[in-house]
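Listed below, chain by chain, are the residues.
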Amino acid sequence: MEKLLSRLGLNDTKAELLVRSFTQETASVLNDIKKEYGLDTGNFRNGGSWDKRFGRIKDVALQNDLVVLTRSRGIWAFVCVLDIASGSLYIFSKEKNLDVVIKNFGKKSIHYFHAFVSLNSGPLEFSNQQMTLFDSLTDDYENKRLLEVQKILGEEYPLVKQVVFVVGQEINKKIVGVEARLFNRYFELIDKVDWTAYVSKDEYSDVAVLNEDVEESMGVIPKIKPLVKMRKERIVKEKLLEEKKEEDNG
């Protein structure tokens, strides 16, 4: 099977820049906004976080000869990136959100991910086809998602040959792993490339493996980098010495 990376037509540098812009932390920016405008509830955080991510993705794409498509579906606006040379359209999503969308595939409601994936090829191997699922995709359903993707893409519709999902795995509200995933039109995974090495590393966390089994109920504590750890240990020691001096003087 042809490797996904060669299908993408995206070099390592562009892939790394896109992933970094997608995974860079947003908490510090949102905290500054909260303080500046006196926003007590923090309800803006989810939408604000995606606004910041999409803004970074847009800037990187424009600086690297990629086409930025800003689109709306209902009240939700999103940014996707088109590589004209390969005809690959990149959609950014967190893994937990994508999983929910895939579970609802073929049902009455058509998510825009359902519409986008209709542009991809059919199953590669007949023996792997889930005929019961495919039989449920009526002509009406297929027509609706085709019309939906045409409506979303507009004049760029003829330029898109395939849709690639850039998927982030999140632990404790940090994106710690990323994969580029290519599905067929039935949301079956055809191929994937691990882009975890490109994830933006925050000061207090190291990159985790995307497919590593982690029980969230155990409470995963991000690793603290050695320099930060030493600084914290020094502060603790200084505090203990100070307290001992006060006891001796008392």
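Residues numbered from 1 in each chain as written. Predicted model: local features only at pLDDT ≥ 70, side-chain atom pairs only at ≥ 80, totals over all residues. Heavy atoms only, no water.

Caption draft 1: Broad picture of the overall build of the protein. For the protein, the count of helices and strands is nine helices and six strands. The proportion of buried residues among the 250 residues of the protein is 41%. Nonlocal contacts in the protein, meaning residues at least 24 apart in sequence, comprise 64% of its contacts between residues at least 6 apart. Accessible surface, the protein as shown: approximately 15,100 Å² in total, 52% of it carbon and sulfur. (Helix = DSSP H or I, 4+ residues; strand = E, 2+ residues; numbered from the N terminus. Buried < 20%, exposed > 50% of the residue type's maximum accessible area, 1.4 Å probe, protein only. Contact = heavy atoms within 4.5 Å. Areas by Shrake-Rupley, 256 points an atom, 1.4 Å probe, with all protein chains shown as cover.)

Caption draft 2: The arrangement of the pattern of salt bridges in detail. For the structure on display, the rule yields eleven salt bridges. In this structure, the salt-bridge partner of Lys 94 is Glu 170, at a minimum N-O distance of 2.8 Å. Taken together, the residues Lys 94 in strand E3 (residues 88–94) and Glu 170 in strand E4 (residues 162–171) connect sequence positions 76 residues apart. On the basis of relative accessibility, which here comes to 9%, the residue Lys 94 falls in the buried class. Among the residues examined, Glu 170 registers a relative accessible area of 18% and is labelled buried. (Salt bridge = Lys/Arg side-chain N within 4 Å of Asp/Glu carboxyl O.)

Caption draft 3: Representation of the nonpolar core within the structure. Membership of the largest hydrophobic core comes to 54 residues, with the highest contact counts inside it found for Leu 89, Phe 116, Phe 165, Phe 187 and Trp 195. Beyond its immediate sequence surroundings of up to four residues, Phe 116 is in contact with Phe 78, Leu 89, Ile 91, Val 149, Ile 152, Leu 153 and Val 163. (Core = buried A, V, L, I, M, F, W, Y, C linked by side-chain atoms within 4.5 Å.)

Caption draft 4: Geometry of unusual backbone geometry. Phi at Asp 65 is positive, roughly 60 degrees, even though this residue is not glycine. Inspection of the secondary structure assignment puts Asp 65 in the loop between helix H4 (45–63) and strand E1 (67–73). Unlike most non-glycine residues, Phe 187 shows phi in positive territory, near 60 degrees.

Caption draft 5: Focus on the sheet that holds E4. Spatially, E1-E2-E3-E4-E5-E6 is the arrangement adopted by the six strands of the open sheet, whose pairing is mixed. On the outer flanks of this sheet lie E1 and strand E6 (189–194), each paired with one strand and no other. Going across the sheet, the axis of each strand differs from the next one's by a mean of 30 degrees, ignoring polarity. Bridge analysis of strand E2 (residues 76–83) against E3 gives three bridges, and the strand direction is antiparallel. The partner of Leu 82 across the bridge, within E3, is Leu 89. Strands in contact with helix H5 (residues 95–103) are E3, E4 and strand E5 (174–183); relative to E3, the strand with the most contacts, it is inclined by about 105 degrees. (Pairing = 2+ DSSP bridges. Axes fitted to C-alpha atoms, helices over the stretch in contact; angles between N-to-C directions.)

Caption draft 6: Just the pairing of E1, in detail. Both E1 and E2 contribute to a ladder of seven bridges, which runs antiparallel. Note on E2: the bridge partner recorded for Ser 72 is Ala 77. Count of turn residues in the E1/E2 antiparallel hairpin: two residues, of which Gly 74 carries a positive phi of about 65 degrees.

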